[in-house]
Amino acid sequence: MATVQQIAQSLQESSRSVGSGEFSGHAPIELDRLSHDYGSRLALDGLSFDVRPAEIFGLLGPNGSGKTTLFRILSTLMVPTGGQAHIAGFDVATEPNRVRQQTGIVFQATSLDVKLTVAENLMHQGHLYGLRGAQLQTRAKDVLARVGLADRARDLVETLSGGQKRRVELAKGLIHSPSVLLLDEPSTGLDPGARIDLWNYLRILRDEQGVTVLVTTHLMEEAEHCDRLAILNAGKLVALGSPTELKAEIGGDIVQFETRSPEDAKTLAAGITQRFAVQPSVVGNAVRVEREHGHRFLTEVVEAFPGAIESVSVAKPSLEDVFIQRTGHRFWLEKNEEKS
Ligand code: ADP
């Protein structure tokens, strides 16, 4: 496994010019039966999908679903044990230097030197990618303007807010004009205002620079901002599409009946199936039904099973519903729920 220092060194040694932002006909990111096992534990299980040019693509999954493993493979920190991944046509396992020139990476943990100025941090990063002199100065100025920090170049990083620091990280990731930007859980630690800012900058990058952005996240709200999503569960791809498409696959409303116990929920589900000829799913204490005209159905069920139901709800499908439909369990497992 390469360390960040080794990557930096190999970048310095690489004589190739920095990323041009062109894809030469390849998808920005292509996964072909990509797998990874840590000894006996299979963390990625045969993932195959493409990320399209200039889209904001989300990798959504609960803890342990394989997001970090995939992120590390795409950032060339780790070689997969099976299958292939390409960035801009280059194999992440066999052409890591080429991949790194095309890729900007923003890790979750901060990589800034807080005792240096914003501009100095960018200069160091630029040197790692072989940028020098006037070219680097211009580039640093440009990326700082792009993330809205042109007036903070001479300030020490330690004087910036959390959101501003994340934007400097973004600027660092962009210094060598990558065509693909990888961000690991970018909203972590940001207040709501800074999150909105960050997403605005990502959209500008997509729209004005044609950069392809891949974001890992375990937050449904964040996933909603993505153009398309891959939803992962236990290392497998369980859904792929835009948030709107994925939610539209669930017909009508989601009607949910809470009972007192998982046993009561199973009894109620069996009763609903018998009486209404639908197939509800049982998730913990709850019985869930996808149904057109949810309010009408809800009333009929409550009247048909007096005393069996503690509370009811009806809602439009969410990404959580997509996850439940595809996996049979909640995104965040509760203590009394077993993974199916
Ligand atoms: P996520 O980022 O979605 O939380 P990870 O990629 O970190 O998921 O983990 C996927 C699976 O691989 C989990 O079951 C996790 O326990 C396992 N795993 C992750 N890193 C290691 C490691 N270094 N050694 C062994 N198992 C690991």
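All of these numbers come straight from a predicted model, not from anything done at the bench. (Residues numbered from 1 in each chain as written. Predicted model: local features only at pLDDT ≥ 70, side-chain atom pairs only at ≥ 80, totals over all residues. Heavy atoms only, no water.)

Observations regarding the overall build of the protein
Line of reasoning, step 1. Along its length, the protein carries 12 helices and 14 strands.
Line of reasoning, step 2. Taken along its principal axes, the extent of the C-alpha atoms in the protein is 75 × 40 × 35 Å.
Line of reasoning, step 3. Contacts spanning at least 24 positions in sequence make up 70% of the contacts within the protein whose residues lie at least 6 apart.
Line of reasoning, step 4. For the protein, the separation between the mean place of its 36 positive charges and that of its 43 negative charges on side chains is 3 Å. (Helix = DSSP H or I, 4+ residues; strand = E, 2+ residues; numbered from the N terminus. Contact = heavy atoms within 4.5 Å. Lys, Arg positive; Asp, Glu negative; His and termini not counted. Charge placed at Lys NZ, Arg CZ, Asp CG, Glu CD.)

Overview of the site of the ligand
Line of reasoning, step 1. Surveying the vicinity of the ligand reveals the residues Tyr38, Arg41, Ala43, Pro62, Asn63, Gly64, Ser65, Gly66, Lys67, Thr68 and Thr69.
Line of reasoning, step 2. For the ligand, whose free accessible area comes to 560 Å², the fraction covered by protein is 63%.
Line of reasoning, step 3. Listing elements by their share of the shell around the ligand, those giving two or more residues are strand S2 (41–51) and helix H2 (67–74).
Line of reasoning, step 4. Of the residues contributing to the shell around the ligand, the split by class is three nonpolar, six polar and two charged. (Near = heavy atom within 4 Å. Areas by Shrake-Rupley, 256 points an atom, 1.4 Å probe, with all protein chains shown as cover. Nonpolar A, V, L, I, M, F, W, Y, C, P; charged D, E, K, R; others polar.)

Some words on the confidence of the model for the protein
Low pLDDT means the predicted coordinates in that region are not meant to be read closely.
Line of reasoning, step 1. When pLDDT is averaged along the protein, the result is 89, and 91% of the positions lie at 70 or above.
Line of reasoning, step 2. Throughout residues 11–23 the model reports pLDDT below 50, and contacts reaching past four residues in sequence, or to other chains, amount to 33 contacts.
Line of reasoning, step 3. Predicted confidence is poor over residues 335–340, with pLDDT under 50, and the contacts of this stretch with residues over four places away or in other chains come to nine contacts. (pLDDT = per-residue confidence, 0-100.)

Describing the packing of helix H4 (residues 118–128) against helix H5 (residues 133–146)
Line of reasoning, step 1. Put simply, H4 and H5 touch, their axes get as near as 10 Å, and they point 125° apart. With respect to their mutual orientation, H4 and H5 come out oblique. For the pair H4 and H5, the crossing hand works out as right-handed. Contacts between H4 and H5 involve Val118, Leu122, Met123, Gly126 and His127 from the first element and Leu136, Gln137, Ala140, Val143 and Leu144 from the second.
Line of reasoning, step 2. When grouped by side-chain class, the residues that make up the contact of H4 with H5 number seven nonpolar, three polar and no charged. (Axes fitted to C-alpha atoms, helices over the stretch in contact; angles between N-to-C directions. Parallel < 35°, antiparallel > 145°, perpendicular 65-115°, else oblique. Left-handed = near helix turned anticlockwise from the far one by under 90°.)

Focus: the environment of threonine 244
Line of reasoning, step 1. Along the polypeptide, threonine 244 turns up in helix H9 (residues 243–248).
Line of reasoning, step 2. Sequence separation between threonine 244 and valine 289 is 45 residues, and the spatial gap between their C-alpha atoms is 20 Å.

What to know about H4
Line of reasoning, step 1. Buried within H4 are the following residues: Val118, Asn121, Leu122, Met123, Gln125 and Gly126.
Line of reasoning, step 2. In this structure, the buried residues of H4 make contact with H5 and helix H6 (162–174).
Line of reasoning, step 3. Backbone geometry just after H4 places glycine 130 at a positive phi near 80°. (Buried < 20%, exposed > 50% of the residue type's maximum accessible area, 1.4 Å probe, protein only.)

With respect to unusual backbone geometry
Most of the time, phi is negative for any residue but glycine, and the peptide bond is trans.
Line of reasoning, step 1. Positive phi, normally seen in glycine, also occurs at threonine 76, with a value near 65°.
Line of reasoning, step 2. Counting through the fold element by element, threonine 76 comes out in the loop between H2 and strand S4 (82–87).
Line of reasoning, step 3. When its relative accessible area of 7% is taken as the criterion, threonine 76 is described as buried.
Line of reasoning, step 4. Here histidine 293, not a glycine, exhibits a phi torsion of approximately 50°, which is positive.
Line of reasoning, step 5. Position of histidine 293 relative to the elements: it lies in the loop between strand S13 (286–291) and helix H11 (294–304).

Remarks on the sheet that holds strand S1 (residues 29–38)
Line of reasoning, step 1. The strand order S2-S1-S4-S5 describes an open sheet built from four strands, whose pairing is antiparallel. Each edge of the sheet is formed by a strand with only one pairing partner; in this case those strands are S2 and strand S5 (90–91).
Line of reasoning, step 2. For S1 and S2, the ladder comprises seven bridges, and the chain directions are antiparallel. When the sheet's bridge partners are listed, isoleucine 29 is paired in S2 with valine 51.
Line of reasoning, step 3. Strand contacts of H2: S1, S2 and S4, with the helix running at about 120° to S1, the strand carrying the most contacts. (Pairing = 2+ DSSP bridges.)

Structural notes on the domain arrangement of the protein
Line of reasoning, step 1. Domain boundaries in the protein define domain 1 (4–241) and domain 2 (246–327).
Line of reasoning, step 2. Just the C-alpha atoms count here: the centres of domain 1 and domain 2 sit 40 Å apart.
Line of reasoning, step 3. Domain 1 puts 13 residues into the contact, and the matching count from domain 2 is eight residues.
Line of reasoning, step 4. Summing the contributions of domain 1 and of domain 2, the shared interface buries around 820 Å²; its carbon and sulfur component is 75%.
Line of reasoning, step 5. For domain 1, the biggest contributors to the area lost against domain 2 are Met220, Glu224 and Val238; these three give 47% of the whole.
Line of reasoning, step 6. For the pair domain 1 and domain 2, the number of links is one salt bridge.
Line of reasoning, step 7. With a shortest N-O distance of 2.9 Å, lysine 247 and glutamate 224 are connected by a salt bridge.
Line of reasoning, step 8. Linking domain 1 with domain 2 are two residue pairs in polar contact (both at pLDDT 80 or more).
Line of reasoning, step 9. Going through the elements one at a time, helix H8 (220–224), strand S9 (228–233) and strand S10 (236–241) are the ones with two or more residues in the side of domain 1 that touches domain 2.
Line of reasoning, step 10. When grouped by side-chain class, the residues that make up the side of domain 1 that touches domain 2 number 10 nonpolar, two polar and one charged. (Domains from an automatic or database assignment. Buried area = accessible area lost by both parts, 1.4 Å probe. Salt bridge = Lys/Arg side-chain N within 4 Å of Asp/Glu carboxyl O. Polar contact = N/O pair within 3.5 Å; in protein donor to acceptor, adjacent residues only side chain to side chain.)

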